[in-house]
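Okay, here's what each chain looks like letter by letter:
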Amino acid sequence: MFTNKLKALIVLLKRWHRDNFEDMDNRIKKFKEEIKKIDDKVSAGSYDGTMEARRKALVTCYAKWYVRKKMHWKQMSRSQHARDIDKNTRYFHNLASARRRNNRIDSLVLDGRLVRNHARIKTAIMGFYNELYRQEHAPLIGIRDGLVKQITEEKAAVLEEMPLTRKYERQCGIVSPVKLQKNAISDATSSGETQSAFVKGRKIHDGALIACETVHWLKLRKKEAAIVKLDFQKAYERVRWSFVDIVLQKMGIRLRWRTWVKECVTTASMSVLINGSPTKPFKMERGLRQGDPLSPFLFVLVVDILHRMVGEAVRNGRISPLLVGRDNIELSHLQFADDTILFCPHETETLLNNKRLLRVLS
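Here the structure is a predicted model, which is why all the values come from computation and not from measurement.

*Asks:* Residues and numbers for the packing of aromatic side chains, please.
*Replies:* Scanning the model with the defined rule gives two aromatic pairs in all. Taking the centre distance of 6.3 Å and the plane angle of 25° together, the rings of Tyr 62 and Tyr 66 count as stacked. Taken together, the positions of Tyr 62 and Tyr 66, both in helix H3 (residues 49-84) and four residues apart, correspond to about one turn of that helix. Taking 5.1 Å as the distance between ring centres and 85° as the angle between the ring planes, the aromatic pair formed by Phe 128 and Tyr 129 counts as edge-to-face. On the accessibility criterion, Phe 128 (46% relative accessible area) is partly exposed. Residue Tyr 129 is classed as partly exposed on the basis of its relative accessible area, which comes to 28%.

Now the structure itself:
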């Protein structure tokens with residue numbers, strides 16, 4: 001009985017679909033032709049009230065069928081998206097063309113003037129990125145001994161083993177030098193307990209979970225606290241190569257391995273793709289390339305200095321941590337790669353000391 005009802009429903013749905021969506025292009029075309037005929041008659045001087053009413057009706061029908069066509073193809077695109085997104089089909093090419101049109105830069109405001117010349121737009125964008133990756137003169141920065149956690153001599157020696165003797169070569173066959181160094185630094189080093197991104201054995205959601213639970217606890221207990229969300233502007237792009245080398249040196253990593261890392265980082269050049277046309281390559285003077293498998297781990301080591309500085313300020317009593325839960329767990333900060341959240345009591349002195357600490361790091 002149920003099967004028979006479904007079959008009858010299918011027949012009705014097919015009829016409904018035929019009446020409402022079949023041959024939409026021809027119907028829209030006919031309405032456009034009829035509207036054009038009326039417009040031609042009006043241009044020729046033949047016009048009356050009946051013709052005006054007919055034109056309004058045709059325009060209404062034309063708009064209705066156009067909306068139906070738009071809705072139909074919107075639904076069709078969703079149904080085909082998962083199936084055809086990576087296939088070399090007309091649907092794929094239409095998606096790629098639409099994305100290219102949306103990402104195209106047709107004009108740019110330079111010095112208060114609207115510029116449409118492609119060559120000037122290209123030069124301006126290239127200049128922006130060239131300036132972004134240019135290292136301005138800055139005094140040498142030193143890190144006090146003991147601030148950075150050092151690795152053991154055994155781990156330092158393991159980092160300098162030849163690739164053919166590494167377990168990654170035996171397990172995976174041919175491995176790129178960059179990936180080899182990434183795996184080595186991941187095994188040899190350890191970041192602070194507040195860092196939840198790109199650290200072996202931790203998940204990036206751990207930090208977000210702790211932050212949410214802390215805010216929830218503060219609301220339930222109706223306690224006052226200061227929570228500061230830090231987002232470093234262009235964090236990866238502004239990392240100084242000299243600072244990376246100093247951090248690795250203070251960690252106890254030997255010169256040979258630091259030289260390998262330096263070659264991977266400092267030999268990069270960059271070209272900006274603008275409207276499908278690449279600019280001339282230019283050399284980078286600072287920054288870590290996003291997408292490079294080595295970059296996240298080096299960046300975590302760099303921002304780990306902030307974790308060490310905050311921890312020392314807490315131990316020295318210059319910054320008061322937030323006491324959370326019945327056991328009064330100390331919480332001063334959480335880190336998610338290049339994002340940091342500071343937690344502290346609602347005290348002016350603690351907030352000012354946090355600000356001074358961030359100025360030193362910048």
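*Asks:* Let's hear about the sheet that holds strand E11 (residues 339-344): which residues, and what values?
*Replies:* Pairing is antiparallel in the open sheet, where three strands are placed in the order E3-E11-E10. Two strands in the sheet have a free side with no partner beyond their single neighbour: strand E3 (226-231) and strand E10 (333-336). With direction set aside, neighbouring strand axes in the sheet form an average angle of 15°. Pairing of E10 with E11, which is carried by four bridges, proceeds in the antiparallel orientation. Among the inter-strand pairings, His 333 is bridged to a residue of E11, identified as Leu 342.

*Asks:* Describe unusual backbone geometry, with residues and values.
*Replies:* We note that Lys 222 has phi near 55°; this positive angle belongs to a residue other than glycine. Assignment of secondary structure puts Lys 222 in the loop between helix H9 (204-221) and E3. Despite not being glycine, Asn 328 has its phi angle at roughly 55°, a positive value. Examined against the element boundaries, Asn 328 turns out to sit in the loop between strand E8 (322-324) and strand E9 (329-331).

*Asks:* Requested: an account of the packing of helix H10 (residues 241-250) against helix H12 (residues 295-315), with residues and values cited.
*Replies:* Running from amino to carboxyl end, H10 crosses H12 at an angle of 80°, the nearest separation of the two axes being 10 Å. Considering the angle they form, H10 stands roughly perpendicular to H12. On H12, the residues that touch Phe 243, Val 244, Val 247 and Leu 248 of H10 are Leu 298, Leu 301, Val 302 and Ile 305. Looking at the contact of H10 with H12 residue by residue, the classes come out as eight nonpolar, no polar and no charged.

*Asks:* Describe the environment of Ala 268, naming the residues involved and giving the relevant values.
*Replies:* Position of Ala 268 relative to the elements: it lies in the loop between helix H11 (255-266) and strand E4 (269-270). C-alpha of Ala 268 to C-alpha of Leu 288: the two residues are 20 residues apart in sequence and 9.5 Å apart in space. Residue contacts for Ala 268: discarding those within four places in its chain leaves Lys 283, Met 284 and Arg 289.

*Asks:* I'd like a rundown of the side chain of Ser 295, residues and numbers included.
*Replies:* Mapped onto the fold, Ser 295 is located in helix H12. Owing to a relative accessible area of 3%, Ser 295 belongs among the buried residues under this scheme. Excluding residues that lie within four positions of it along the chain, Ser 295 makes contacts with Tyr 236, Leu 288 and Arg 289.

*Asks:* So, the pairing of E11: which residues are in play, and what are the values?
*Replies:* For E11, the tally of buried residues reaches five of six residues, placing the bulk of the element in the interior. As judged from the six bridges shared by E3 and E11, these two strands associate in the antiparallel manner. If you follow Lys 229 over to E11, its bridge partner there is Ile 341. The turn linking E10 back onto E11 is made up of two residues, and Ala 337 within it adopts a positive phi angle of 60°.

*Asks:* Now, about the pattern of salt bridges: what can you tell me, with residues and values included?
*Replies:* Counting across every chain of the model gives nine salt bridges. In this structure, Glu 34 and Arg 54 form a salt bridge, with 3.1 Å as the shortest nitrogen-oxygen distance. With Glu 34 in helix H2 (residues 24-43) and Arg 54 in helix H3, this pair connects stretches of sequence that are 20 residues apart. Look at Arg 54 and you get partly exposed, because its relative accessible area is 43%. A salt bridge links Arg 104 to Asp 106; the nearest nitrogen and oxygen atoms lie 2.9 Å apart. On the basis of relative accessible area, Arg 104 is assigned to the partly exposed category, the value being 43%. Each of Glu 34, Lys 37 and Arg 54 takes part in a single network of salt bridges with overlapping partners.

*Asks:* Tell me about the nonpolar core, and please be specific about residues and values.
*Replies:* One broad trend across soluble globular proteins is that nonpolar side chains are buried collectively. Residues Ile 143, Leu 248, Met 251, Leu 298 and Ile 305 are the most contacted members of the largest nonpolar core, which totals 48 residues. Broken down by secondary-structure element, the contributors of at least two residues to this core are helix H5 (118-132), helix H6 (153-159), H10, H11 and H12. Element by element, the count of residues in this core is highest for H12, at eleven residues. Trp 217, Val 324, Phe 336 and Ile 341 belong to the second-largest nonpolar core, a separate cluster that totals ten residues.

The rules behind the values
- Residues numbered from 1 in each chain as written.
- Predicted model: local features only at pLDDT ≥ 70, side-chain atom pairs only at ≥ 80, totals over all residues.
- Heavy atoms only, no water.
- Phe/Tyr/Trp six-rings, centres within 6.5 Å; stacked < 30°, edge-to-face > 60°.
- Helix = DSSP H or I, 4+ residues; strand = E, 2+ residues; numbered from the N terminus.
- Buried < 20%, exposed > 50% of the residue type's maximum accessible area, 1.4 Å probe, protein only.
- Pairing = 2+ DSSP bridges.
- Axes fitted to C-alpha atoms, helices over the stretch in contact; angles between N-to-C directions.
- Parallel < 35°, antiparallel > 145°, perpendicular 65-115°, else oblique.
- Contact = heavy atoms within 4.5 Å.
- Nonpolar A, V, L, I, M, F, W, Y, C, P; charged D, E, K, R; others polar.
- Salt bridge = Lys/Arg side-chain N within 4 Å of Asp/Glu carboxyl O.
- Core = buried A, V, L, I, M, F, W, Y, C linked by side-chain atoms within 4.5 Å.

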